[in-house]
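Analysis of the macromolecular model
These are the residues of each chain, in order.
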Amino acid sequence: MKINKTNAARLLDKAKIPYQLIPYEVDENDLSATHVAEQLGEHVEQVFKTLILKGDRTGYFVCLIPGANEVDLKKAAKISGNKSAEMIPMKELLPLTGYIRGGCSPIGMKKPFPTYIHHTATDFKEIYISAGQRGLQLLLDPDELVRFVRGETGDLIVQAASS
């Protein structure tokens, strides 16, 4: 099966960053990263979802977090230099980034936004991120990703209540 390269993949080629394009079965009723991880047979901690937020001071920014987690809006606001931040409405995603829900890549958006990546990404040799379309993931070195998107790592997720 021939996999067509996405814009994100072409940008990585241009930057000479090694990656693999990994297809998976899309379920239109379940676009979660947990579903993607199951399809890939990988741990969900290694599958990062791309979220777009808007801060009260700096405007739009990107957060990459492990698939099963929830972004902590206070932590995201703090790391991005904002007092508060919120997820953008779904209807703004495509016009703002050029990507649709379930296929939003941190690479190749219509314009570059400040990008923050949860620090656990660098615990892995490789992580999965969206390749820019549903049904396709990029597998790449998280350090290369951080450099390429000029990202910053930090704590971005809601901590699970300890029992």
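Below is a summary of the structure that appears in this document.

About the cut-offs
- Residues numbered from 1 in each chain as written.
- Predicted model: local features only at pLDDT ≥ 70, side-chain atom pairs only at ≥ 80, totals over all residues.
- Heavy atoms only, no water.
- Buried < 20%, exposed > 50% of the residue type's maximum accessible area, 1.4 Å probe, protein only.
- Helix = DSSP H or I, 4+ residues; strand = E, 2+ residues; numbered from the N terminus.
- Contact = heavy atoms within 4.5 Å.
- Phe/Tyr/Trp six-rings, centres within 6.5 Å; stacked < 30°, edge-to-face > 60°.
- Pairing = 2+ DSSP bridges.
- Axes fitted to C-alpha atoms, helices over the stretch in contact; angles between N-to-C directions.
- Core = buried A, V, L, I, M, F, W, Y, C linked by side-chain atoms within 4.5 Å.
- Salt bridge = Lys/Arg side-chain N within 4 Å of Asp/Glu carboxyl O.

This next bit is on helix 2 (residues 33-40). Listed as buried for helix 2 are A33, H35, V36, A37 and L40. Contact partners of the buried residues in helix 2: strand 1 (19-23), strand 2 (48-55), strand 6 (127-133) and strand 7 (136-140). Following helix 2 by one or two positions, G41 adopts a phi angle in the positive range, close to 70 degrees.

Moving on, we get to the packing of aromatic side chains. Ring pairs (aromatic) are described by centroid distance and by the angle formed between their planes. Applying the stated criterion across every chain yields a total of two aromatic pairs. With a centroid separation of 6.0 Å and 70 degrees between ring planes, the pair formed by Y60 and F113 is classed as edge-to-face. Here F113 lies in the loop between helix 4 (90-97) and strand 5 (115-118) and Y60 lies in strand 3 (residues 59-66), a separation of 53 residues in the sequence. Taken together, a centroid distance of 5.8 Å and an interplanar angle of 80 degrees make the contact between F61 and Y116 edge-to-face. Of this pair, F61 sits in strand 3 while Y116 sits in strand 5, placing them 55 residues apart in sequence. For Y116, a relative accessible area of 8% translates into the label buried.

For the rest of this paragraph, the subject is the pairing of strand 7. Here strand 7 lies mainly inside the structure; five of its five residues are buried. Where burial is concerned, the two faces of strand 7 agree: the one with L136, L138 and L140 and the one with Q137 and L139 are both buried. In the sheet, strand 1 pairs with strand 7 via five bridges, with the strands oriented antiparallel. Each bridged residue has a counterpart across the sheet, and for Q20 the counterpart in strand 7 is L139. Bridging between strand 6 and strand 7 involves five bridges; their strand directions are antiparallel. For I127, the partnering residue across the bridge sits in strand 7 and is L140. Two successive antiparallel strands, strand 6 and strand 7, enclose a turn made up of two residues, where G135 displays a positive phi of approximately 90 degrees.

In this section: the sheet that holds strand 7. Sheet architecture is open: three strands sit in the order 1-7-6, paired in antiparallel fashion. Each of the sheet's edge strands pairs with one partner strand only, and the pair in question is strand 1 and strand 6. In this sheet, adjacent strand axes meet at a mean angle of 35 degrees when their direction is disregarded.

Turning to the side chain of Q137, a few remarks are in order. Mapping Q137 onto the fold places it in strand 7. A relative accessible area of 4% means that Q137 is categorised as buried.

Counting residues in hydrophobic clusters, the biggest one holds 29 residues, and the most contacted among them are I52, I107, I129, L138 and L145. Not counting chain neighbours up to four residues away, the residues in contact with I107 comprise A8, L11, L12, Y99, I129, L138, L145, F148 and V149. I65, A77, A85 and L156 belong to the second-largest nonpolar core, a separate cluster that totals twelve residues.

Another aspect to go through is the pattern of salt bridges. Summed over the entire model, instances satisfying the criterion amount to four salt bridges. We note a salt bridge from E28 to R134, for which the minimum N-O separation is 2.8 Å. A residue pair is termed long-range when its members are at least 10 positions apart, and E28 in the loop between strand 1 and helix 2 and R134 in the loop between strand 6 and strand 7 qualify at 106 residues. On the basis of relative accessible area, E28 is assigned to the exposed category, the value being 54%. Among the residues examined, R134 registers a relative accessible area of 26% and is labelled partly exposed. Between K75 and D155 there is a salt bridge, and its shortest N-O distance comes to 2.9 Å. With K75 in helix 3 (residues 73-79) and D155 in the segment after strand 8 (152-154), the pair connects residues that are 80 residues apart, well separated along the chain. D155 gets classed as partly exposed once you look at its relative accessible area, which sits at 31%.

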